[in-house]
Amino acid sequence: QVQFVESGGGLVQPGGSLNLSCAASGGRVKIYRMAWYRQAPGKERELVAEISTFNMPTYTDSVKGRFTISRDNAKKAVYLQMDSLRVEDTAVYYCYAEAVAQFGDGLSDYWGQGTQVIVSA
């Protein structure tokens, strides 16, 4: 019943910015690690950014200094602020949460539905 719904993708010019959001809905949930992944056509899904339970962020080298991951535990949400976007950032972006849902079966992996980011002039 618990789902993670993401939004914020779209078409942007190189150098532009987007902010992706992902939040749990449908039930009570305790969230641990959260992350953003992306998958470009013909490529493997790639970990972009990760944020721990204690708000420690990590980033893949290609986005360091340009992307910022954050979380709001009260809103059960994770965000990805993307600045200085490049054409190579074009991909479907997926949020991820490691979480325990009330009435669930314990620690589980949850994925957002994906949101398209297209960086093009």
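Above this note sits the structure.
Basis of the calculations
- Residues numbered from 1 in each chain as written.
- Predicted model: local features only at pLDDT ≥ 70, side-chain atom pairs only at ≥ 80, totals over all residues.
- Heavy atoms only, no water.
- Pairing = 2+ DSSP bridges.
- Helix = DSSP H or I, 4+ residues; strand = E, 2+ residues; numbered from the N terminus.
- Axes fitted to C-alpha atoms, helices over the stretch in contact; angles between N-to-C directions.
- Disulfide = S-S within 2.5 Å.
- Buried < 20%, exposed > 50% of the residue type's maximum accessible area, 1.4 Å probe, protein only.

Draft legend 1. View of the sheet that holds strand β3 (residues 18-25). Read from one edge of the open sheet, 4 strands run β1-β3-β8-β7, paired in antiparallel fashion. What marks the edges here is a single partner per strand, and that holds for β1 (3-7) and β7 (67-72). The sheet shows a mean angle of 15° between the axes of neighbouring strands, taken without regard to direction. Sheet topology places β7 next to strand β8 (residues 77-82); 6 bridges connect them, and they run antiparallel. Looking at β8, one finds that threonine 68 is bridged to glutamine 81.

Draft legend 2. Examining the state of the cysteines more closely. Scanning the model with the defined rule gives 1 disulfide in all. A sulfur-sulfur separation of 1.8 Å characterises the disulfide bridge that pairs cysteine 22 with cysteine 95. With cysteine 22 in strand β3 and cysteine 95 in strand β9 (residues 91-101), the pair connects residues that are 73 residues apart, well separated along the chain. For cysteine 22, a relative accessible area of 0% translates into the label buried. Of the residues examined, cysteine 95 reaches a relative accessible area of 1% and is grouped as buried.

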